[in-house]
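Okay, here's what each chain looks like letter by letter:
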Amino acid sequence: MIIALDGPSAAGKGTLARRLAAHYRLALLDTGLIYRAVGARVLADRGEGGETDRAIEAARKLQPQDLEQPGLREEAVGAMASKVAAIPEVRLHLIDFQRRFAKTPPGHAAGSILDGRDIGTVICPDADVKIFLTASAEARAERRFQELQAAGATTIKARVLADMHERDVRDSARSAAPLVPAADAFQLDTTTLSADQVFDRVVAHIDGRISRRGS
Ligand code: C5P
């Protein structure tokens, strides 16, 4: 089973993906980490050649262990990830990595779940299940603000909302794999839902699909 889980930042994908992976015994790939690893490399090599060329080179050389380096969740890395993700050659270099994971998940997993922005549309258009989570920009900014505060960061809510808006616009307006729901995705607005409610609704959808497929 391959599950494609897409949506904008802080819509609840990460929490849902971890719970679905445990529930269905699937290997999980947070594809945002791939773009973050490329962004981190571009930030680290600052001053050596053009940003676009450095990003393409970093994408070409990406190794699985690069996703485990510390600091990938930092806001500056996220902002650079969203910039490098708009470069078509960067995305092209990263397609095989993601498809290989989806088709041959590590360990003895019964399948895979990939979360990102273009999994249902570009990376795994034949996924067994496609889910697209959304939430209002205010709700997503509030969640991100709480996360940052819990992590000890000093920031103001208006700044978090502005940064999120900037990233949303870039992710949705880019020509290469823009953030759009797949036509056959199960769409869920999580603005007023708890993590448990989101999980229950998505599991009901997935189980319904599995039983329809089996009958
Ligand atoms: O989800 P996360 O915030 O970790 O993603 C960082 C950035 O990587 C996003 O803002 C987006 O621009 C990019 N991304 C993408 N396609 C994916 C996953 C992430 O373009 N499948």
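Residues numbered from 1 in each chain as written. Predicted model: local features only at pLDDT ≥ 70, side-chain atom pairs only at ≥ 80, totals over all residues. Heavy atoms only, no water.

## Thoughts on the packing of helix H1 (residues 13-24) against helix H9 (residues 195-214)
Each pair of packed helices can be described by the angle between their axes along with the distance between the axes. Axis separation between H1 and H9 bottoms out at 10 Å; the angle between their running directions is 45°. On the basis of their axis angle, the class for H1 and H9 is oblique. Viewed along their axes, H1 and H9 form a crossing whose handedness is right-handed. Between H1 and H9, the contacting residues are Thr 15, Leu 16, Arg 19, Leu 20, His 23 and Tyr 24 on the first element and Ala 195, Asp 196, Val 198, Phe 199, Val 202, Val 203, Ile 206, Asp 207 and Ile 210 on the second. A class-by-class count of the residues in the contact of H1 with H9 yields ten nonpolar, two polar and three charged. (Axes fitted to C-alpha atoms, helices over the stretch in contact; angles between N-to-C directions. Helix = DSSP H or I, 4+ residues; strand = E, 2+ residues; numbered from the N terminus. Parallel < 35°, antiparallel > 145°, perpendicular 65-115°, else oblique. Left-handed = near helix turned anticlockwise from the far one by under 90°. Contact = heavy atoms within 4.5 Å. Nonpolar A, V, L, I, M, F, W, Y, C, P; charged D, E, K, R; others polar.)

## A few points about the pairing of strand S4 (residues 129-134)
Counting buried positions along S4 yields five of six residues, so the element is predominantly enclosed. With four bridges connecting them, strand S1 (residues 2-6) and S4 associate as parallel partners. Paired with Asp 6 across the strands is Phe 132, a residue of S4. Pairing analysis gives four bridges linking S4 to strand S5 (residues 186-189), with the strands arranged parallel. Residue pairing for S5: Phe 132 is matched across the bridge by Gln 187. (Buried < 20%, exposed > 50% of the residue type's maximum accessible area, 1.4 Å probe, protein only. Pairing = 2+ DSSP bridges.)

## Structural notes on the nonpolar core
Ile 34, Val 38, Leu 62, Leu 67, Val 90 and Leu 94 are the most contacted members of the largest nonpolar core, which totals 35 residues. Secondary-structure elements contributing two or more residues to this core are S1, strand S2 (27-30), helix H2 (32-44), helix H3 (51-60), helix H4 (75-84), helix H5 (88-103) and helix H6 (119-123). A total of seven residues in this core trace back to one element, the largest contributor, which is H2. Judged by nonpolar contacts, the second largest core, of 20 residues, contains Leu 26, Ile 113, Leu 193 and Phe 199. (Core = buried A, V, L, I, M, F, W, Y, C linked by side-chain atoms within 4.5 Å.)

## A few points about the sheet that holds strand S3 (residues 112-116)
Across the sheet, which stays open at both edges, the five strands sit in the order S2-S3-S1-S4-S5 with parallel pairing between neighbours. For this open sheet the edge positions go to S2 and S5, each flanked by a neighbour on one side alone. Averaged over all neighbouring strand pairs, the angle between strand axes comes to 15°, with direction disregarded. One ladder, built from four bridges, connects S2 with S3; its direction is parallel.

## Side note on the environment of Glu 48
Note on placement: Glu 48 falls in the loop between H2 and H3. Judged by its relative accessible area of 55%, Glu 48 is exposed. Along the backbone, Glu 48 and Arg 91 are 43 residues apart, and their C-alpha atoms lie at a distance of 21 Å.

## Details of H1
With twelve residues, H1 should cover 16 Å at 1.5 Å per step; its first-to-last C-alpha distance of 16 Å lies within 8% of that length. Of all the positions in H1, only Lys 13, Leu 16, Ala 17, Leu 20, Ala 21 and Tyr 24 are classed as buried. Along H1, the residues classed as buried sweep out an arc of 135° about the axis, all on the same side. Residues of H1 that are exposed and point over 90 degrees away from its buried face: Arg 18 and Ala 22. In this structure, the buried residues of H1 make contact with S1, S2, S3, S4 and H9. Looking one or two places after H1, you find Arg 25, whose phi comes out positive at around 55°. (Expected span 1.5 Å × (residues − 1). Arc of directions from axis to C-beta.)

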